[in-house]
Amino acid sequence: MIIFLQATVEGLSLAAIYSLVAIGFVLIYKAMEVLSFAQPALAVVGAGIISSLAIDRGIPFWLALFLGVILTGILGLLIERTFLRPMVGEPVFSVAVLTIGIDILLRTVLDSWIGINPKYMGDPFPSYGNFGAVKLGGVNIKYLELAALVTAILLIILLTIFFRKSKYGIAMRATSYDQEAAMAQGINVGRIFGLVWMIAGILAAFAGFFITGGFNTLSQFSFISALRALPAVVIGGLDSIPGAVVGSIIIGLTQGYVAYYQLSFESLIGFSFGNGFSVVAPYLIMFVILIFKPDGLFGTEEVERV
Amino acid sequence: MLAIENLEVVYQDVILVLRGVSLEIKKGEIVALLGSNGAGKTTVIRSITGLLDVQNGDITKGSISVDGEDITNLDPSKIVEKGIAQVLEGRRIFSELTVIENLRLGGHTNSNDIKDNIDKVLDLFPILKERSKGKAGYLSGGEQQMLAIGRALMSDPSYLLLDEPSLGLAPKLVDEVAELIQEINSQGVTVLLVEQNANMALNISDHGYIMETGNVVMDNKSNMLLNDEDVREFYLGLNAEGTKRKSFKDVKHYKRKKRWLS
């Protein structure tokens, strides 16, 4: 039972991280109908900025975190402005490939900065911060996992309020449904795209921090964790934010359970899936779900007048 | 005054859609723009509101000005700020959003007066008030048209461009829309009405333009147009008494006539 709870907690915290990246994917997809492959790169770049500010420059952790998140948001804005704005009206495929290019560009620059030694993130509380953990009824919960969970929930609530109530939130939704009609209302669609990328960048930076915080560290392979948000959005449906969250939870829990139960299951059936199967398992789940729901669990559902 | 001078528009770099169209929409008037399918009516509206880009169209000649200020090729959001609002053909409401959210979007450029304007619009369209919290996609066709017009009014426009507001509506609702247009006009909003329903449009407008294949072929006071023989025959479907229906090509005396300024 304790193992189950342990796996669930770790799975949920992974889910929280994935959902931050996944929501970024979905926001960009809804606005531009492009799957941006640069999202995982933005996540690790965000982590890189935080690490370089907090550790290399010695800026206080909270300030470094804040600056890192904001700067990544601005980076997202700049990417939209410089690379994607001229591509408006071009085939979706070209734009998607362009985002792969951006992904490679960002990671190449980041990798050359990371070098061989993994980078640490800052830590607000030396004794019980990112490296610490708490024991709750036998379950070992890292503070970092707890923080990821809380942050993700808070951000999702904030985003929901933003989309329901604020002027630009509603404008973003309108743009995703009917771009031309949105333009006719006087909505500056270019500005909306910029805003979408900025929000996606901010979410990615948070995810990046939680992926690389504590003992995890930022290495040249950290982005693979962020990339696992991709099966999450595919499962949930590319154009649904609740879908992105549900997909992330499925992926996160799968990964958590597989990591804890793989060995006992393998000895039971006498067959080994091999090392690191927990990393592959999410993609298998994705295949299975896509067989039954090709548009994802929450993919496009249109309101039509009867 | 909203003035279009010698406008030439090309789609996809090759398709010449407007061949030197000139229009004048005087303040306070309702101006009707009539013509058959493909005459270029919608293109005229799109070039005013800057939505040509979306359809891969370009203004190659001519100019558009509002109250003496040039607005040719301006950004759509800037044009809305200048007080020109457009009701797109086929309503194009945001069906997944609520009625109120649709209205708020219409006031995107005018966010200071959103509350007052929503009240104003709901007073004008009481049907919308009952359903203001519901999804706009569940409204009936007539209600959607009201919402589309109400949404355009949210920006406090001085010029309202309506693209076929009677499209797909029952005759009774068409009358209702016509009355509404007159009421909106009486509140000081200048209206450009693009219509297929020539009878309705000419009856409520002060001035009418008739377009064919990218040219303005006739323009006159609406009541004059209503009595014009050709207009009666081809746009209102009324023959002079006792005559047989004539062939299209025999009567269109103005068909090949070039008018650079009218």
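Residues numbered from 1 in each chain as written. Chains lettered and ligands numbered in written order. Predicted model: local features only at pLDDT ≥ 70, side-chain atom pairs only at ≥ 80, totals over all residues.

1. Here's the deal with the overall build of chain B
Convention followed: Labels follow the DSSP assignment, with helices taken as runs of H or I lasting at least four residues and strands as runs of E lasting at least two, numbered in each case from the N terminus. Radius of gyration: C-alpha atoms only; globule rule: 2.2 Å multiplied by the number of residues to the exponent 0.38. Three exposure classes are used, based on other C-beta atoms lying within 10 Å of a residue's own C-beta, which is placed from the backbone: buried for 20 or more, exposed for 12 or fewer, and partly exposed in between. By the criterion used throughout, residues are in contact when their C-beta atoms, derived from the backbone, lie within 7 Å.
Of the regular secondary structure elements, chain B holds 11 helices and 10 strands. Relative to its length of 262 residues, chain B is compact, with a C-alpha radius of gyration of 19 Å against a globular reference of 18 Å. Across its three principal axes, chain B shows a C-alpha extent of roughly 55 × 45 × 30 Å. Counting the 262 residues in chain B, one finds 44% classified as buried. Pairs at least 24 residues apart make up 68% of the contacts formed inside chain B by residues separated by at least 6 positions.

2. Quick look at the sheet that holds strand β4 (residues 57–66) of chain B
Residues and elements named next belong to chain B. In plain terms, the rule: Should DSSP find at least two bridges between two strands, the strands are regarded as paired. Axes, fitted as lines to C-alpha atoms, cover a helix only where it is in contact. Angles between the N-to-C directions of the axes lie from 0 to 180 degrees.
Spatial strand order, β2-β1-β4-β5: four strands in an open sheet with antiparallel pairing. Two strands lie at the open edges of the sheet, namely β2 (15–25) and β5 (69–70), each paired on one side alone. In terms of strand pairing, strand β1 (residues 2–11) meets β2 through eight bridges, oriented antiparallel. Residue Leu2 lies in a different strand from β2, and its bridge partner there is Ile25. Where helix α1 (residues 41–49) meets the sheet, its contacts fall on β1, β2 and β4, and the angle it forms with β2 comes to roughly 70°.

3. Looking at the confidence of the model for chain A
Using the following cut-off: The predictor reports its confidence for every residue as pLDDT, a score running from 0 up to 100.
Averaged over every residue, the pLDDT of chain A is 88; residues scoring 70 or more account for 96%. Of all the helices and strands in chain A, strand β1 (residues 133–136) of chain A carries the lowest mean pLDDT, 80, while helix α3 (residues 61–84) of chain A carries the highest, 94.

4. Some details on the interface of chain A and chain B
As a reminder, the rule being used: When residue character is reported, Ala, Val, Leu, Ile, Met, Phe, Trp, Tyr, Cys and Pro are called nonpolar, Asp, Glu, Lys and Arg charged, and the others, Gly included, polar.
With 18 residues of chain A at the contact, the number on the chain B side is 26 residues. Contributing elements (two or more residues each) for the side of chain A that touches chain B: α6 (167–177) and α7 (179–184) of chain A. Examining the composition of the side of chain A that touches chain B, we find that six residues originate from one element, α6(A), more than from any other. Taken together, the residues of the side of chain A that touches chain B break down into nine nonpolar, three polar and six charged.

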